[in-house]
Amino acid sequence: MLHAGLIELGWTDPRSGGLYNYERFAVNEVAEMAERACEVNRVRGQNAYYRICTLKEDTPARHAGDGDELLVPGYVVDADDDQSLGRLNAFASTSLTPSAQVMTGRHPTDRAQALWKIEDPTGWDPTLSKRLAKGLGSDPMVANPTTYLRIGGSVAWPTPKKPHRIPEMTEFTMGATRMYAGGVIDRQLGAAVPVTAG
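Now for a quick tour of the structure. Every chain is numbered independently, its residues counted from 1 as its sequence is written. Local features in this predicted model are restricted to residues whose pLDDT is 70 or higher, and side-chain atom pairs enter the listing and the counts only when it is 80 or higher, whereas totals over whole chains, interfaces and linings include all residues. Neither water nor hydrogens contribute to the side-chain values; these are computed over all heavy atoms in the structure.

A few words now on helix α2 (residues 82-94). Runs of E in the DSSP output that reach at least two residues are strands. Runs of H or I that reach at least four are helices, and both are numbered from the N terminus. Every helix has an expected span of 1.5 Å times one less than the residues it contains. Over its 13 residues, α2 extends 18 Å from the first C-alpha to the last, a length consistent with the 18 Å expected when each residue adds 1.5 Å. When a residue's accessible area, from a 1.4 Å probe over protein chains only, is under 20% of the maximum for its type it is buried; when over 50% it is exposed; and in between it is partly exposed. Ser-84, Leu-85, Leu-88, Phe-91 and Ala-92 are the residues of α2 that are buried. End-on view of α2: buried residues confined to an arc of 130°, all on one side of the axis. Structural note: α2 exposes Asp-82, Gln-83, Ser-93 and Thr-94 on the side pointing more than 90 degrees away from its buried face. The inward-facing, buried residues of α2 contact β6 (74-79), β7 (100-105), β8 (111-117), α3 (126-136) and α4 (182-192). Pairing of N or O atoms within 3.5 Å defines a polar contact, subject to two protein rules: one partner must be a possible hydrogen donor and the other a possible acceptor, and residues neighboring in sequence count only if both atoms are side-chain atoms. Measuring from the backbone nitrogen of Gln-83 back to the side-chain oxygen at the start of α2 gives 3.2 Å, which picks out Asp-81 as the cap. By construction, the arc corresponds to the directions joining the helix axis to the C-beta atoms. Note on definitions: a residue-residue contact is assigned when non-hydrogen atoms from the two residues lie within 4.5 Å.

What follows is the structure, encoded as structure tokens:
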């Protein structure tokens, strides 16, 4: 199962800013997907994203949704304001180092996304994902198994929905090499933010 399924690239429409476009690849076609991501991201307004999960091979030719996931390799948060980024940084430095982090922008404020890889990608827990977003004050819309994350190293273009932003190069940083058990994340979250995590 680890070598089955599909990976998905998504990108925004430069006119509307909507995340409408996508293309799917076999799990062994990461290089091809990366090359395609570079192609689409060269166009102003086309921000490049990837789904955090692998998709079932029989996923219909439409936008994937929850229930189409095959494996979910970890938990993610999207800290898109100063307060949530402060909570993420505190949690990462004192409780649980992310497996990877992407600085998605620095204007008008710093923003970042983080991923904690888990030992069992078949055991992803939607309740824990929502608690993580709530506890860190991150975007609650980035807590489902088929969510998109921005591709680290891509250009973050302003869109009609967010015209106050400027073109910025995103920054990818590797973190912890270990993979976490879901119970470890749950316990660390509860210890770090016992009031807001519940």
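Text resumes after the structure shown.
With that out of the way, let us pick up the pairing of β6. Across the six residues that make up β6, a large majority, six, are buried. Neither face of β6 is exposed, since Gly-74, Val-76 and Asp-78 on one face and Tyr-75, Val-77 and Ala-79 on the opposite face are all buried. Of the strand pairs in this sheet, β6 and β8 are connected by six bridges, and their pairing is antiparallel. The residue of β8 that forms the bridge with Ala-79 is Ala-112. When DSSP locates at least two bridges between a pair of strands, those strands are taken to pair.

What follows concerns α3. Within α3, the full set of buried residues consists of Leu-128, Ser-129, Leu-132, Ala-133, Gly-135 and Leu-136. Those residues of α3 that are buried are in contact with β6, α2, β8 and α4. One side-chain oxygen at the N-terminal end of α3 lies 3.0 Å from the backbone nitrogen of Thr-127; it belongs to Asp-125. Count one or two residues on from α3 and you reach Gly-137, which has phi positive near 70°.

Pairing between side chains becomes possible if they bear opposite charge and their charged atoms approach one another. A side-chain nitrogen of Lys or Arg and a carboxyl oxygen of Asp or Glu constitute a salt bridge if their distance falls within 4 Å. All chains considered together, the criterion is met by 10 salt bridges. A salt bridge links Arg-106 to Glu-171; the nearest nitrogen and oxygen atoms lie 3.1 Å apart. With Arg-106 in the loop between β7 and β8 and Glu-171 in strand β12 (residues 171-174), this residue pair connects regions lying 65 residues apart in the sequence. Assessed through its relative accessible area of 41%, Arg-106 is described here as partly exposed. For Glu-171, a relative accessible area of 35% corresponds to the partly exposed category. Here Asp-186 and Arg-131 are joined by a salt bridge, their closest N and O atoms 2.3 Å apart. Here Asp-186 is found in helix α4, whereas its partner Arg-131 is found in helix α3, with 55 residues between them in sequence. Here the residues in one salt-bridge network are Glu-8, Arg-24 and Arg-51, joined through shared partners.

Here the focus is the side chain of Arg-150. Along the chain, Arg-150 falls in strand β9 (residues 148-150). When charges are tallied, Lys and Arg are placed among the positive residues and Asp and Glu among the negative ones, while His and the ends of the chain are skipped. Despite its burial, Arg-150 pairs with no opposite charge, the nearest such side chain being Asp-78 at 7.6 Å. Looking at Arg-150, its side chain comes within polar contact range of the side chain of Tyr-49, at 3.1 Å. In contact with Arg-150, not counting residues within four places along its chain, are Asn-47, Ala-48, Tyr-49, Tyr-50, Val-102, Thr-104, Gln-113, Val-155, Ala-156 and Thr-170.

Mapped onto the fold, Val-72 is located in the loop between β5 (69-71) and β6. For Val-72, a relative accessible area of 4% corresponds to the buried category. Separated by 107 residues in sequence, Val-72 and Met-179 place their C-alpha atoms 13 Å apart. Filtering out sequence-adjacent residues up to four positions away, Val-72 remains in contact with Ile-52, Cys-53, Ile-118, Pro-121, Trp-124 and Pro-145.

Purely geometric numbers; function is a separate question.
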